[in-house]
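Chains, contacts and geometry: an overview
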Amino acid sequence: TLMLDPFCGSASLLISAAHFGSYTLGGDIDIRVIRGKELDKAMPGHCRFARTLKDVEVGPINNFRQYGLTPPLDLVRCDNAHPVWKIPGVFDGIICDPPYGVRAGARKTG
């Protein structure tokens, strides 16, 4: 099966789908989430140290590796106000936890 999460973030729902044998594909408007977090100088010192170790990588793809799962076919930057997933019948399912409320903020590309 092929599962899509158009609001994948850290890919937690895709990890669950991969655990049950699905191939996965994800998208998110925030490229920083897809690439993984970079070192934040404002973080407390003990956190900065842990994030700079060579064997510690943070990001959605590494979450799949951590659990020994097949990584997603791709994680793409996309704005769901202009869907790129227009081909009918490609996906067996769509799973998502879309952002909502004031705290989510309104972001658009272009």
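Residues numbered from 1 in each chain as written. Predicted model: local features only at pLDDT ≥ 70, side-chain atom pairs only at ≥ 80, totals over all residues. Heavy atoms only, no water.

**Describing the nonpolar core**
Quick reminder of the rule: Here the nonpolar core consists of buried residues drawn from Ala, Val, Leu, Ile, Met, Phe, Trp, Tyr and Cys, with membership extended through side-chain atoms lying within 4.5 Å. Partly exposed describes any residue whose relative accessible area lies between the buried limit of under 20% and the exposed limit of over 50%, with all areas from a 1.4 Å probe on protein chains only and scaled to the type maximum. Secondary structure elements are defined from DSSP: runs of H or I of at least 4 residues count as helices, runs of E of at least 2 residues count as strands, and each element is numbered from the N terminus. The contact rule is simple, with two residues in contact once any of their heavy atoms fall within 4.5 Å.
One finds Cys-8, Ala-11, Leu-14, Ile-15, Ala-18, Ile-34, Phe-64, Leu-69 and Leu-75 forming the largest nonpolar core, which totals 9 residues. Ranked by residue count, the leading element in this core is helix H1 (residues 12–19), at 3 residues. Residues contacting Leu-69, with those up to four places away along its chain left out, are Ile-15, Ala-18, His-19 and Phe-64.

**Brief notes about the sheet that holds strand E2 (residues 23–28)**
Note on sheets: strands pair through backbone hydrogen bonds, and any given pair is parallel or antiparallel. The test is simple: Pairing between strands is defined by DSSP: at least two bridges between the two strands are required.
Judged by pairing direction, the sheet is parallel, and its 4 strands sit side by side in the order E3-E2-E1-E4 without closing on themselves. For this open sheet the edge positions go to strand E3 (74–77) and strand E4 (93–94), each flanked by a neighbour on one side alone. The pairing of strand E1 (residues 2–5) with E4 spans 2 bridges and is parallel. Counted as the bridge partner of Met-3 is Gly-93 from E4.

**Points about the pairing of E2**
Both faces of the sheet carry side chains from a regular strand, because those side chains alternate between them. Heads up, the rule is: Every crossover in which the path from the first strand over the helix to the second runs clockwise, viewed with the strands pointing away from the viewer, is termed right-handed.
Judged by how many residues are buried, E2 sits mostly within the fold: 5 of 6 residues are covered. Two strands pair when backbone bridges link them, and E1 and E2 are joined in this way by 4 bridges, in the parallel orientation. Counterpart to Leu-4 in the pairing with E2 is Leu-25. Note that the unit made of E1, H1 and E2 has a crossover that is right-handed.

**A short note on the pattern of salt bridges**
Side chains bearing opposite charge may pair, as long as their charged atoms lie close to each other. Basically, it comes down to this: We define a salt bridge as a contact between a side-chain nitrogen of Lys or Arg and a carboxyl oxygen of Asp or Glu at a distance within 4 Å.
The full count for this structure, using the stated rule, is 1 salt bridge. For Asp-30, the salt bridge identified is with Arg-32, shortest N-O distance 3.0 Å. Note on Asp-30: relative accessible area 12%, which makes it buried. Arg-32 sits in the exposed class, given a relative accessible area of 56%.

**Observations regarding the environment of Phe-91**
Checked against the element boundaries, Phe-91 lands in the loop between E3 and E4. In this structure Phe-91 comes out as partly exposed when scored by relative accessible area, which is 21%. Separated by 68 residues in the primary sequence, Phe-91 and Tyr-23 have C-alpha atoms spaced 9.9 Å apart. Apart from the residues within four sequence positions on either side, Phe-91 is in contact with Leu-2, Leu-4, Leu-25 and Trp-85.

**Overview of the confidence of the model for the protein**
Put simply, the rule is: The score called pLDDT rates the predictor's confidence residue by residue, from a low of 0 to a high of 100.
In the predicted model, the protein carries a mean pLDDT of 79, and 72% of its residues have values of at least 70. Predicted confidence in the protein is weakest over helix H3 (residues 45–52), with a mean pLDDT of 51, and strongest over H1, with 95.

**Thoughts on the side chain of Asp-28**
The criterion, for reference: In protein, a polar contact means a hydrogen-donor-capable atom and an acceptor-capable atom, both N or O and within 3.5 Å, with residues adjacent in sequence counting only if both atoms are side-chain atoms; elsewhere, any N or O pair within 3.5 Å suffices.
Position of Asp-28 among the secondary structure elements: in strand E2. Separated by 2.8 Å, the side chain of Asp-28 and the backbone nitrogen of Gly-9 make a polar contact. Residues contacting Asp-28, with those up to four places away along its chain left out, are Pro-6, Phe-7, Cys-8, Gly-9, Ile-34, Val-76, Arg-77 and Cys-78.

**Points about the environment of Ala-11**
Mapped onto the fold, Ala-11 is located in the loop between E1 and H1. When the C-alpha atoms of Ala-11 and Pro-72 are compared, they prove to be 9.1 Å apart, with 61 residues separating the residues in sequence. Residues in contact with Ala-11, not counting those within four places in the same chain, are Pro-60 and Phe-64.

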